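# Structural description and commentary
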Amino acid sequence: MSEDTTAEEVEEPVTEPEPDPNAVSVTLNGRQIEARKGELVIAAAQRHDAYIPHFCYHPRMSSVGMCRQCLVEVDTGRGMQLQPSCMITVAPDMVIDTESPTAKRAQEGMIELLLANHPLDCPVCDKGGECPLQDQAFSHGPGESRYIEEKRHYEKPIPISDLVLLDRERCILCDRCTRFADEVAGDKLIHFTQRGNQTQVMTFPDEPFASYFSGNTVQICPVGALTAEPYRFKARPWDLSQSESTCTTCSVGCRTVIQSSRDELLRYQGVDSDPVNHGWLCDRGRFSFEAVNSEQRLTDPMVRTDAGLTTTSWSAALDAVHSLVVTARDLAGAESIALLGGARGSNEDAFAWAQLADGLDITHRDAQLGDGLPAEILGLPRATIDEAASAATIILLAPDVKEELPVLYLRLREAAQQGTSKIIEISSVDTGLTRYAWRSERHQPGLQADAVAALLADAAVAAQIESGDVVVVAGRPNLAEHADSTVAALSKLLAAVPSATVLPALRRGNVVGALSVGMAPADADHDGLASLQAAADGKIELLILLGADPINDCPDADLARRALAGARRIVSIDTHLSESTRLADVVLPAAAYGEKAGTTTNIEGRVSTLAEQVTTTGTARPDWMIAAELAILLDVDGPIAEVTSVDDLTAAIAAHVPGFEAVTSSALTVDPNGVLSTAPSASLPDVSPSVLQRNSYDYRLVVSRKLYDRAIGTAMSHSIAKLAPGAAAHVHPLDLDQLGVSEGGDVKLVGARTTAVLPIRANPSVARGVVWVPFNQGGGKAEDLIDSSAGVTDVRIEVVS
């Protein structure tokens with residue numbers, strides 16, 4: 001460099017970017033594109049705006065090349081040949097022509113063959129207007145058929161389950177439904193039968209398509225062969241208006257489209273959200289729209305008079321609530337007011353009520369009712385659903401996720417099936433993931449920490465944990481044992497594997513959001529169970545139920561009933577008249593799902609939007625609006641006093657809730673998959689549960705949820721209400737023999753506080769010495785046996801003579 005040349009004048013050498021090792025250069029319809037190594041031709045073409053018609057191909061399932069509709073010309077160096085684009089992967093210098101005369105003739109021929117026996121009943125078919133076969137017959141079909149023979153006829157429709165109907169005449173044998181049942185759901189209950197021209201889709205004899213995910217087969221069916229009974233003949237696609245939203249039936253947060261006609265919800269469809277649900281929905285989430293349309297919806301406020309609950313005006317009802325709050329504070333201070341619930345609504349609903357509670361100095365509050373884990377679990381290093389589904393080791397210290405968080409079950413099952421993850425299950429009974437688990441450790445209820453210690457001492461388990469990322473799915477596996485048992489086991493696990501992250505398996509729809517924005521208790525002395533106990537002891541002047549039904553939601557049913565009897569006054573804000581709401585002094589009707597906008601937070605902390613698709617039923621109002629009006633009446637200051645819209649509350653959450661700073665309306669608009677929130681770091685409570693081994697005469701009780709139960713959303717949806725299995729005591733077949741009672745006979749479960757009479761069932765998934773009863777199924781009310789203050793629940797089983 002010469003002396004008069006400055007450093008700024010020296011040009012830096014240009015560094016060529018490293019070529020992408022996964023890029024594959026191919027020619028598509030005469031233009032060069034970059035595909036990805038291992039990518040199917042049909043996927044690469046679709047990504048570059050070249051549509052290839054297809055029926056059997058689905059990006060979330062394996063390719064089978066059944067329909068042959070995706071035939072295109074491909075040159076791999078041996079000249080152009082017709083190839084099914086869903087079965088061949090891209091290769092360097094491949095030439096693909098999707099629009100050649102040969103490809104078009106092949107596609108027209110396939111359409112003609114498919115229509116040879118397919119009935120032309122589009123005007124009366126539920127799929128008409130959104131049918132891929134109908135669309136492609138217009139866009140890629142020959143325009144007319146040479147077939148004049150009479151088409152095949154079958155009996156129709158055939159109810160292959162309580163929710164799904166089959167029309168065999170319309171089926172084009174694309175294998176989508178059968179592949180979904182096998183590959184995605186793991187429920188091989190629907191398959192091809194017979195051969196050749198007689199091949200058809202059918203269930204096995206005396207085995208209905210009783211899958212929790214059967215509604216997905218209706219959505220992915222490319223013709224009208226499978227239809228959903230709740231939607232059948234309700235509307236045509238062009239009559240529907242729709243909005244993208246998030247399912248709040250459980251806390252997975254599946255993205256959905258909610259569709260309505262004439263201001264009535266008619267259908268929910270899954271949206272392919274890559275971080276969450278991959279387009280799938282469980283049937284409970286898919287068909288729960290019937291509860292929103294139920295004739296038993298609360299439409300007007302009610303106050304209790306000598307004649308019982310009587311309809312009144314909103315102003316009178318709000319004045320009554322105002323009077324009850326003021327009276328309670330004057331009599332015994334803010335400590336005498338309890339606020340329970342919030343998981344049913346949106347983040348904005350929970351935040352508004354939390355702000356109201358802050359303004360009134362209400363410390364008794366909780367979004368859980370003794371059926372979850374301490375809110376501190378949200379402050380542990382948290383995994384996302386994607387991280388859980390890709391971790392080397394998934395440790396299940398949780399309830400049966402197939403029953404409580406069904407789409408999370410699909411994600412974890414897929415990880416195990418593909419071999420990317422190994423599942424270690426710690427449970428008292430078999431679960432939906434037991435057959436996919438690499439290791440299952442059974443333990444007596446209350447002794448989870450001992451099971452964890454035994455696993456960690458296993459050399460093979462220790463080596464597996466050391467092999468990569470570890471995600472612990474943690475929740476409440478047994479409602480008949482104290483939460484401290486799970487907390488102690490989780491603490492022991494995290495102490496041994498400090499790098500592990502936690503995915504909270506808390507079931508209620510927006511429980512994570514409600515706890516995060518202010519509905520978490522300050523301590524164990526003010527949580528849901530403590531509040532109910534205070535009410536039962538006569539220390540609560542006013543109990544406010546925010547979409548909560550303690551009688552059916554709290555595992556300790558006796559405590560819940562005593563609490564509602566002991567509270568001097570009760571205010572319930574709900575969508576339906578639940579058992580607990582029937583006991584209220586003031587009932588305020590709340591807007592339901594699909595009737596209000598806002599946001600919700602799922603188990604991984606992902607905040608996504610809720611859509612307002614239809615007008616509210618009657619004079620019902622969003623929960624946040626009720627809180628805002630009460631704040632005005634009670635002269636409460638703070639963010640709640642400045643609220644005029646739901647967007648104001650979304651902005652207030654971003655401004656005042658730690659970890660939600662990035663959750664703004666604009667950010668949610670940009671990314672429909674949602675925005676991840678965080679929670680302040682926290683540690684689990686230091687607990688030391690003391691649980692004895694059971695004696696040989698008793699059985700240890702396990703109570704856990706089934707997908708379908710007597711929850712209001714299910715009970716008010718007539719299509720799925722009938723799917724609740726009902727109450728029964730399940731024991732191991734050898735225990736049944738030892739008891740000397742026949743299957744289905746009634747037995748007494750004798751506990752420390754009461755007795756429950758239930759039919760008994762033999763169940764090989766239940767360990768010896770354990771009796772399992774599904775939660776909230778009615779019948780013998782096994783929940784009466786549970787003492788929430790006890791470590792475990794032991795019962796004797798006596799035969800009813």
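Anything mentioned here points back to the structure above.
Residues numbered from 1 in each chain as written. Predicted model: local features only at pLDDT ≥ 70, side-chain atom pairs only at ≥ 80, totals over all residues. Heavy atoms only, no water.

Our focus in this paragraph is the overall build of the protein. Counting its regular elements, the protein contains 25 helices and 34 strands. Its C-alpha atoms give the protein a radius of gyration of 29 Å, within 12% of the compact-globule value 28 Å for 801 residues. Overall, the protein is about 95 × 90 × 65 Å in size when its C-alpha atoms are taken along their principal axes. A buried classification covers 58% of the 801 residues belonging to the protein. If you take every contact in the protein between residues at least 6 apart in sequence, the share linking residues at least 24 apart comes to 72%. In the form shown here, the protein has an accessible surface area of approximately 32500 Å², with 50% of it arising from carbon and sulfur atoms. Each charge class in the protein can be summarised by its mean position, and for the 66 positive and 109 negative side chains these summaries are 8 Å apart. (Helix = DSSP H or I, 4+ residues; strand = E, 2+ residues; numbered from the N terminus. Rg over C-alpha atoms; globule rule 2.2 N^0.38 Å. Buried < 20%, exposed > 50% of the residue type's maximum accessible area, 1.4 Å probe, protein only. Contact = heavy atoms within 4.5 Å. Areas by Shrake-Rupley, 256 points an atom, 1.4 Å probe, with all protein chains shown as cover. Lys, Arg positive; Asp, Glu negative; His and termini not counted. Charge placed at Lys NZ, Arg CZ, Asp CG, Glu CD.)

Looking at where serine 801 falls in the secondary structure, it is placed in the segment after strand E34 (794-799). The sequence separation of serine 801 and aspartate 746 amounts to 55 residues, and the corresponding C-alpha distance is 8.6 Å.

Turning our eyes to something else, we now look at the side chain of serine 251. Structurally, serine 251 can be placed in the loop between strand E11 (241-246) and strand E12 (255-261). A distance of 2.2 Å separates a polar side-chain atom of serine 251 from the backbone oxygen of leucine 506. Beyond its immediate sequence surroundings of up to four residues, serine 251 is in contact with Leu405, Leu506, Arg507, Arg508, Gly509, Asn602 and Ile603. (Polar contact = N/O pair within 3.5 Å; in protein donor to acceptor, adjacent residues only side chain to side chain.)

So, on to the packing of helix H13 (residues 448-456) against helix H15 (residues 483-496). For any two helices packed against each other, the geometry is given by the interaxial angle and the distance between the axes. At a minimum axis separation of 7 Å, H13 and H15 run at an interaxial angle of 20°. In terms of orientation, H13 lies roughly parallel with respect to H15. Crossing geometry of H13 relative to H15 is assigned as right-handed. Residue-level contacts link Gln448, Ala449, Val452, Ala453 and Leu456 of H13 to Ser485, Thr486, Ala488, Ala489, Lys492, Leu493 and Ala496 of H15. When the residues that make up the contact of H13 with H15 are grouped by side-chain class, the tally is 8 nonpolar, 3 polar and 1 charged. (Axes fitted to C-alpha atoms, helices over the stretch in contact; angles between N-to-C directions. Parallel < 35°, antiparallel > 145°, perpendicular 65-115°, else oblique. Left-handed = near helix turned anticlockwise from the far one by under 90°. Nonpolar A, V, L, I, M, F, W, Y, C, P; charged D, E, K, R; others polar.)

This next bit is on the nonpolar core. The nonpolar side chains of soluble globular proteins are, as a tendency, buried together. Formed by 104 residues in total, the largest nonpolar core has its most connected members in Val252, Leu408 and Val473. With 7 residues, the top contributor of residues to this core is helix H12 (residues 406-418). The contacts of valine 473, once residues within four sequence positions are left out, are Ile394, Ile395, Leu396, Leu397, Ala398, Val401, Leu408, Leu412, Leu503 and Ala505. (Core = buried A, V, L, I, M, F, W, Y, C linked by side-chain atoms within 4.5 Å.)

This next bit is on the side chain of glutamate 481. For glutamate 481, the location among the structural elements is in the loop between strand E21 (470-475) and H15. One buried charged residue, glutamate 481, forms no salt bridge at all, with the nearest opposite charge on arginine 476 at 6.1 Å. Polar side-chain contacts of glutamate 481 include one of 2.4 Å to the backbone nitrogen of glycine 446. Setting aside residues up to four positions removed in sequence, glutamate 481 forms contacts with Pro445, Gly446, Gln448, Arg476, Thr486, Gly791 and Val792. (Salt bridge = Lys/Arg side-chain N within 4 Å of Asp/Glu carboxyl O.)

Attention now goes to the pairing of strand E23 (residues 542-546). Here E23 lies mainly inside the structure; 5 of its 5 residues are buried. Along E23, one buried face is formed by Leu542, Ile544 and Leu546 and the opposite face, lined by Leu543 and Leu545, is buried too. By the bridge criterion, 5 bridges tie strand E16 (residues 337-341) to E23 in an arrangement that is parallel. Bridge pairing links leucine 339 to isoleucine 544 in E23. Here 5 bridges tie E23 to strand E24 (residues 569-574), and the two strands are oriented parallel to one another. In the strand pairing of E24, isoleucine 544 is matched with valine 571. (Pairing = 2+ DSSP bridges.)

Per the stated rule, a full pass over the model turns up 7 cavities of 30 Å³ or more. What the largest cavity holds in volume is close to 860 Å³. Sorting the residues of the lining of the largest cavity by element identifies helix H7 (289-292), helix H18 (550-553) and helix H23 (712-715) as the ones contributing at least two each. It is H23 that provides the largest number of residues to the lining of the largest cavity, a total of 3 residues. For the lining of the largest cavity, the class distribution of residues is 15 nonpolar, 15 polar and 12 charged. Looking at the second largest cavity, it is lined by 13 residues, and the ones nearest its centre are Asp371, Gly372, Glu404, Leu506 and Arg507. (1 Å grid on protein atoms, 1.4 Å probe; cavity = no way out; pocket = protein on both sides within 12 Å on 5 of 7 lines; lining within 4 Å. Points joined across faces, edges and corners; volume = space filled by probe spheres on them.)

All right, on to H15 then. For H15, which comprises 14 residues, the first-to-last C-alpha distance of 20 Å matches the rise-based estimate of 20 Å (1.5 Å per residue) to within 8%. Residues Ala483, Ser485, Thr486, Val487, Ala488, Ala489, Leu490, Leu493 and Leu494 constitute the buried set of H15. Residues of H15 that are buried in the fold lie against strand E18 (393-397), H13, E21 and strand E22 (501-505). (Expected span 1.5 Å × (residues − 1).)

This part takes up the sheet that holds E12. The antiparallel open sheet is built from 3 strands, whose spatial order is E11-E12-E13. Edge strands, defined here as strands with exactly one partner in the open sheet, are E11 and strand E13 (264-270). Here the average twist between neighbouring strands, direction ignored, is 30°. Sheet topology places E11 next to E12; 6 bridges connect them, and they run antiparallel. Bridged to serine 245 within E12 is threonine 256.

Attention shifts here to the environment of isoleucine 465. Looking at the secondary structure, you find isoleucine 465 in helix H14 (residues 459-466). Taking the C-alpha atoms as reference points, isoleucine 465 and lysine 422, 43 residues apart in sequence, are found 9.6 Å from one another. Beyond its immediate sequence surroundings of up to four residues, isoleucine 465 is in contact with Thr393, Ile395, Leu456, Val470 and Val497.

With antiparallel pairing, the 3 strands of this open sheet are ordered in space as E6-E7-E10. In the strand order of this sheet, the two ends are held by strand E6 (158-159) and strand E10 (226-228), each with one partner. Note: strand E7 (residues 164-166) against E10, 3 bridges, orientation antiparallel. If you follow valine 164 over to E10, its bridge partner there is alanine 228.

Turning our eyes to something else, we now look at the layout of surface pockets. Here the second largest pocket defines a volume of roughly 740 Å³. Around the second largest pocket, the lining comprises 38 residues; the ones closest to its centre are Lys127, Gln219, Ile220, Cys221 and Gln269. Those elements giving two or more residues to the lining of the second largest pocket turn out to be helix H5 (215-220), E10, E12, E13 and helix H6 (283-287). Counted by class, the lining of the second largest pocket contains 17 nonpolar, 14 polar and 7 charged residues.

Buried within H13 are the following residues: Gln448, Ala449, Ala451, Val452 and Leu455. Buried residues of H13, seen end-on, are gathered within an arc of 160° and therefore sit on one face of the element. (Arc of directions from axis to C-beta.)

With that settled, the discussion passes to the pattern of salt bridges. If the charged atoms of two oppositely charged side chains come close together, the side chains can form a pair. Following the criterion strictly, the structure yields 41 salt bridges and no others. Here aspartate 794 ties to arginine 700 by a salt bridge, and the two come within 2.7 Å at their closest N and O atoms. With aspartate 794 in strand E34 and arginine 700 in strand E29 (residues 699-704), this pair connects stretches of sequence that are 94 residues apart. Residue aspartate 794 is classed as partly exposed on the basis of its relative accessible area, which comes to 26%.

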